[in-house]
Amino acid sequence: MLKEGDKMPEFQVQDQDGNYVTDKDLSGKKIVLYFYPKDSTPGCTAEACNLRDNFGALRAAGYEVYGVSKDSVASHTKFREKNSLPFTLLSDPSTEMLKAFGAWGEKKLYGKVTEGTLRKTFIISETGEIERIIDKVDTKNHAAQIL
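About the criteria used
Residues numbered from 1 in each chain as written. Predicted model: local features only at pLDDT ≥ 70, side-chain atom pairs only at ≥ 80, totals over all residues. Heavy atoms only, no water. UniProt positions renumbered as here; feature names shortened; annotations may be inferred. Phe/Tyr/Trp six-rings, centres within 6.5 Å; stacked < 30°, edge-to-face > 60°. Helix = DSSP H or I, 4+ residues; strand = E, 2+ residues; numbered from the N terminus. Lys NZ or Arg CZ within 6 Å of the ring centre and 35° of its normal. Salt bridge = Lys/Arg side-chain N within 4 Å of Asp/Glu carboxyl O. Buried < 20%, exposed > 50% of the residue type's maximum accessible area, 1.4 Å probe, protein only. Pairing = 2+ DSSP bridges. Right-handed = clockwise from strand over helix to strand, strands pointing away.

Looking at an unreviewed UniProt entry, one finds the protein named thioredoxin-dependent peroxiredoxin, with Candidatus Cryptobacteroides faecigallinarum as its source organism. Heading Function (unreviewed entry) of the UniProt record for the protein holds this comment: "Thiol-specific peroxidase that catalyzes the reduction of hydrogen peroxide and organic hydroperoxides to water and alcohols, respectively. Plays a role in cell protection against oxidative stress by detoxifying peroxides and as sensor of hydrogen peroxide-mediated signaling events." Under the heading Sequence similarities (unreviewed entry), UniProt records this for the protein: "Belongs to the peroxiredoxin family. BCP/PrxQ subfamily."

Below is the structure:
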């Protein structure tokens, strides 16, 4: 389980345009890496749009924003275009990246226990160190939690 002070795990996934992105591509930047369950669902759309609406403030604070889910590249392309998202979405259908960050596991939905994506956000320094983990994400006010 990752904790504050740990180094960012290694990964290689594709973005919404099919380009490969690795942990090395993110080094040297302040990163907001947020994991979410599914494109175009109410909570995930609210979270993405809150980050979009506050993108200027996040950039002014020096952050690059990346969203991650197990949805396909094509799904991310549609979700990004439909909601005019100005940041990169990463596709992890294998769930390897989700698992490496501890964003995959048991969750309860309507009393039923399932395995799936856990909504979490990681604030990562330029040196690749995890500075903060937000486990209780407020989808409608997520940018304020980050800033």
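That covers the picture; the talk isn't over yet.
To continue, consider the packing of aromatic side chains. Tallied over the full model, the rule gives 8 aromatic pairs. Judged by centre distance (5.2 Å) and plane angle (45°), the rings of F35 and F101 are tilted. Of this pair, F35 sits in strand β3 (residues 30-35) while F101 sits in the loop between α5 (96-100) and β6 (104-109), and the two are 66 residues apart along the sequence. Taken together through their ring pairs, the aromatic side chains of Y34, Y36, F55, F79 and F87 make up a single cluster. The lysine or arginine in question, K30, covers the ring of Y63, its NZ or CZ lying 4.7 Å from the ring centre.

Across all of its chains, the model carries 7 salt bridges by this definition. E64 is paired through a salt bridge with R59; the nearest N and O atoms lie 3.7 Å apart. Its relative accessible area of 25% is what places E64 among the partly exposed residues. Using a relative accessible area of 43% as the deciding quantity, one classes R59 as partly exposed.

Moving on, we come to the pairing of strand β5 (residues 88-91). Both faces of β5 are covered, namely the face carrying T88 and L90 and the face carrying L89 and S91. Bridging between strand β1 (residues 12-15) and β5 involves 2 bridges; their strand directions are antiparallel. When the bridges of β5 are listed, Q14 appears paired with S91. In this region the chain leaves strand β4 (residues 63-69), passes through helix α4 (residues 73-82) and returns to the parallel neighbour β5; the handedness of that crossover is right-handed.

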